[in-house]
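Here are the chains, one letter per residue:
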Amino acid sequence: MRQPSTKPIVLDGRTGEGGGQLVRIACGLAALTSQAVTIQNVRGNREGGRGGVTGAETTGLAVGSKTLTFSPRRPPTDLVQRRFEIKADTDAASALLVLQAIFPYVLFAGNDAGEPVVLDIWGGTNVHWSLSYEYFDQVLAPTLEERFGIRLERALKARGWNLGPRSRGHMTLTIHPVPRGATLRFSPPREYVFPESYRVRRVDASVVVPGASHACVQEELVAALGPLYPDADVEFRVVEDSGSDARWSILLVAHSEGGIRWARDSLFSMPKKPKTSRDRVIQAACAGLCKALYEETSLGGTVDEFLQDQLLSVQALAEGCSSFVRGGDPAGSSCMNGPVGETRMRREKTHEPFGHGSTHTTTARWVIGELLPEAEFYNKGDVVRGVGFCLQGS
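Here's a quick rundown of the structure. (Residues numbered from 1 in each chain as written. Predicted model: local features only at pLDDT ≥ 70, side-chain atom pairs only at ≥ 80, totals over all residues. Heavy atoms only, no water.)

## Concerning the sheet that holds strand β12 (residues 261-268)
Argument step 1. Spatial ordering of the open sheet is given by β10-β9-β11-β12, a layout of 4 strands whose pairing is mixed. Strand pairing shows two members of the sheet lacking a second neighbour, β10 (233-241) and β12, which therefore form its edges. Going from strand to strand, the sheet's axes swing by 10° on average, the running direction of each strand aside.
Argument step 2. The pairing of strand β9 (residues 200-209) with β10 spans 8 bridges and is parallel. Following the sheet pairing, Asp204 is matched in β10 by Glu235.
Argument step 3. Against the sheet, helix α5 (residues 278-297) makes contact with β9, β11 (248-256) and β12, and its axis sits at roughly 150° relative to β12, the strand it touches most. (Pairing = 2+ DSSP bridges. Helix = DSSP H or I, 4+ residues; strand = E, 2+ residues; numbered from the N terminus. Axes fitted to C-alpha atoms, helices over the stretch in contact; angles between N-to-C directions. Contact = heavy atoms within 4.5 Å.)

So this is what it looks like as structure tokens:
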């Protein structure tokens, strides 16, 4: 890795997705690499909203500020304290998005004693425009463990919503950092064979809705999933009373024969005066969610829309090539289906959002390219050659 410059990297916050994700990724990687970053036009593509960054010297850190400069003061290896309490500004602020911003930093905060870092984070666990705790627990965290060997222990202490009565969630995460002098390495799964490896064998459901509607929701999900996945079992991982008709959260996770996970979730409130019966509202919500999952699993990819952008920073920090393709030709170029030398590779330019995937994904690649210029992207961003980041300590 080249030495960080004392001059801040300047990013235009209106680029691509233009929201909080851009700020979180930029500041997370800046803290890790001890590189100052200035973000102009913060959340320039969003109306209203708040941004927040912790753990470094900052200027412009205020609600409504359009320019933010983030200047890290110490590398992760200088981190002496091993337990932290982090409280989001509001109940509606996502605890999982707070984690996204600080994860790269704590991931490399190894010490000589090999002690883990424990994070107590208060904030929303079921809020709009953010992954839910269940998605993190059942999809993102297992993928980080299986594909990169990242050891994570997590526990949901209290659930927090941005719907219904005020509530602040609480999650505890124990991270075992990468040892000093070591790098992350991608562990590919066994070779995927189309269509066998992509066939859905089980769908896990997490249902956090008013207790009186548990049976109805479960029945509607089974009824809707049956025709879509006739050979798959349906298992209910979580069935919990949300405590309010304003709080309905349902997550579906499809598991394939080859070990692929795809997920779709829904977060909504029951209309106070529905135009149709309550049972019809539930039926429509469940049918729509099942259809969305089926459309995702039918794309022939190895990740869903939301997992793809969450993994990019880790891919760029890891050593060597990795690939998580969403859609396209299942037998196409992928580091997981054979040595890279056997695949025709075309390097992509990173001066603007690029490649396959959602706007969040294409923007994330651009931000990573700016903060980690030695990371390489190939074949519309489907293949990432990471920088092999490591820290030796001070």
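## Considerations on the environment of Val303
Argument step 1. With respect to the element layout, Val303 can be found in the loop between α5 and α6 (305-317).
Argument step 2. For the pair formed by Val303 and Gly327, sequence separation is 24 residues and the distance between their alpha carbons is 8.5 Å.
Argument step 3. Beyond its immediate stretch of four places on either side in the chain, Val303 contacts Arg261, Trp262, Glu296, Gln308, Leu311, Phe324, Val325 and Arg326.

## Some remarks on the nonpolar core
Argument step 1. Counting residues in hydrophobic clusters, the biggest one holds 75 residues, and the most contacted among them are Leu119 and Phe136.
Argument step 2. The residues that make up this core include at least three from each of domain 1 (80-180) and domain 2 (196-298).
Argument step 3. Beyond its immediate sequence surroundings of up to four residues, Phe136 is in contact with Leu96, Leu99, Leu131, Ala141, Pro142, Arg154, Met171 and Leu173.
Argument step 4. By size, the runner-up hydrophobic cluster in this structure holds 28 residues, among which are Val203, Trp248, Leu252 and Trp262. (Core = buried A, V, L, I, M, F, W, Y, C linked by side-chain atoms within 4.5 Å. Buried < 20%, exposed > 50% of the residue type's maximum accessible area, 1.4 Å probe, protein only. Domains from an automatic or database assignment.)

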